[in-house]
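Given next are the chains, with one letter for each unit.
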Amino acid sequence: MELARYKGVIKRYFEYLPVSEKTPIVTLLEGNTPLIFSPKLSEILGKKFRVFLKYEGLNPTGSFKDRGMTVAVSKAKEDRQVAVICASTGNTSASASAYAQRAGLKSIVLIPAGAIALGKLAQALIHGAIVIPIKGNFDTALKLVLEISSRFPVRLVNSLNPHRIEGQKTAAFEICDTLSCAPHFHFLPVGNAGNITAYWRGYKEYYHLKKTTHLPVMCGFQASGSAPIVKGHPIKNPKTLATAIRIGNPASWKKAEEARDESGGIIRAVSDKEIVSAYNFLAKQEGVFVEPASAASVAGLLKLNQEGYFKRKLRKMALSGKEINVVCTLTGHGLKDPEIAIKTVKKSKAVEADIKKIAKIAALKEA
Ligand code: AN7
C-alpha cells in the first residue's frame, strides 16, 4: 500500500545524495517545508521585492537539522555503526536522538551545561539519548566529540560529517523548485556555519545542472556577542540569548567565507536587541513563531535594508525592472525555547473570575 506520496528528502533528491539502493533509509519525512510569502517584509523592502520565509521549524524535530540527520543516520546504519555522537547547542542533539532512536542506534549528546533551550533538552531526553552536560561551552563539547569519535566506535553526526551537509543542501533545491528559479538573495543565521555551506553547495549544484539561471547572494548573520567570522578571530566566551548560535569557533568557518565571497555576499553581526525585535516582528506581524537564532536572518534583512544595502547592491547587479526574490531561512521552531518567548512579552497577572474585570483588560465594550 502506498502510505504517503511524500517520502522525505532522501527519496525526493535521491540522485543528488551519497546514497544507493543499499542504503537503509531512516526518515521521519523531513523536508518539504513551506516557503511562506511575507507581505510585511516585502512591503518594507519596497515594490519590486518579494520576501519569502523558508520555515524549517516545521521539520519533524522542529529544525533544519533533520535534513542532514536523515542522511547521516542512514549512512551510519549502512556502514554498520552502532552509535552516533554529537556536540550541540540543542537542535542537533534533538534531531540526532530522534533519528538514531528510529534507526535502533545508541545516541550520545554533549551539551554545554545550562545553556540549551528547554524544548531541545526535553527532546534529547525523551528520545532516550545519553545526554551529557559539559562544564564548558559548545566549542569545548565539539572538541571532545571529535576526539571521542576518532578513538571509539561511534559515528560523529555534527556538520563536520559530510553527509549532514549533503542532506541540508536539499533546502536550497526545494526553494529553487518552488520558485522555479534561485532567489536573488538568501539570508540565514550562522552558528557552526554548516547550513550556509550546505545552501551554497545546493544552489551551486542546481546552477551547474542548469536547473537555475543564476546564483543567490548569500547573507549570513551571527549574534554580535558570538561573531567570530565577522571579527576575524575565535571568541573564547561567546554570548547571546540566541543559544543555538552561541558558538565561538565554527567548524565550517572557511566554507562559510567561501560561500560569502563566491556569491558576492556578506557575513555580519546582529545584536540580541535586533534579534528579539525581529523575533517579535515575525510572531506578531506574520504569525510565524521561530526560535531567537532563526530571527537573526530577518534581523539582518531589516538592518541591511535600513543601511541601503539593496539599493547599492542592485545597482551593480543589473537587475533593473525585474522582481527581486529574497528568501530568509527560519531555522527552528519557536516552541524550542518557550522561556524566551514568555520573557520578552508583557503578560497580565491572574485576575478574579469576574467578567467586568476581564472585559476591562481585554478592552471590550458591551454591544
Ligand atoms: C535554530 O544544534 O549548532 O551555522 O548544535 O539550531 O549550521 O550551525 C545549531 C545551529 C541556526 C546555526 N539556527 O546553523 C546545534 C547547532 C538554529 C540552530 C543554527 C543552529 P549552523
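See the structure above.
None of these values were measured; they are calculated from a predicted model.

Reading guide: rules and limits
- Residues numbered from 1 in each chain as written.
- Predicted model: local features only at pLDDT ≥ 70, side-chain atom pairs only at ≥ 80, totals over all residues.
- Heavy atoms only, no water.
- Helix = DSSP H or I, 4+ residues; strand = E, 2+ residues; numbered from the N terminus.
- Expected span 1.5 Å × (residues − 1).
- Buried < 20%, exposed > 50% of the residue type's maximum accessible area, 1.4 Å probe, protein only.
- Polar contact = N/O pair within 3.5 Å; in protein donor to acceptor, adjacent residues only side chain to side chain.
- Near = heavy atom within 4 Å.
- Areas by Shrake-Rupley, 256 points an atom, 1.4 Å probe, with all protein chains shown as cover.

Visitor: Tell me about helix H3 (residues 65-78), residues and numbers included.
Guide: Over its 14 residues, H3 extends 20 Å from the first C-alpha to the last, a length consistent with the 20 Å expected when each residue adds 1.5 Å. Of all 14 residues making up H3, 12 are buried, and the element is well covered by its neighbours. Within H3, burial applies to Lys65, Asp66, Arg67, Gly68, Met69, Thr70, Val71, Ala72, Val73, Ser74, Lys75 and Ala76. Within two residues after H3, arginine 80 carries a phi angle of roughly 60°, on the positive side.

Visitor: Explain the side chain of glutamate 166 to me, using residue names and the numbers behind them.
Guide: Here glutamate 166 shows up in helix H7 (residues 162-168). Among the residues examined, glutamate 166 registers a relative accessible area of 14% and is labelled buried. Among the polar contacts made by the side chain of glutamate 166, one reaches the side chain of lysine 169 at a distance of 2.5 Å.

Visitor: Pulling in residues and values, what's your account of the site of the ligand?
Guide: Looking at the ligand, there are 23 residues lining it, with Asn91, Thr92, Asn192, Ala193 and Thr331 nearest. Between an oxygen atom of the ligand and a main-chain N or O atom of alanine 193, the distance comes to 2.8 Å. In this structure, threonine 331 approaches the ligand through a side-chain N or O atom, which is 2.6 Å from a nitrogen atom. Against a free-state accessible area of 480 Å², the protein chains account for coverage of 99% of the ligand.

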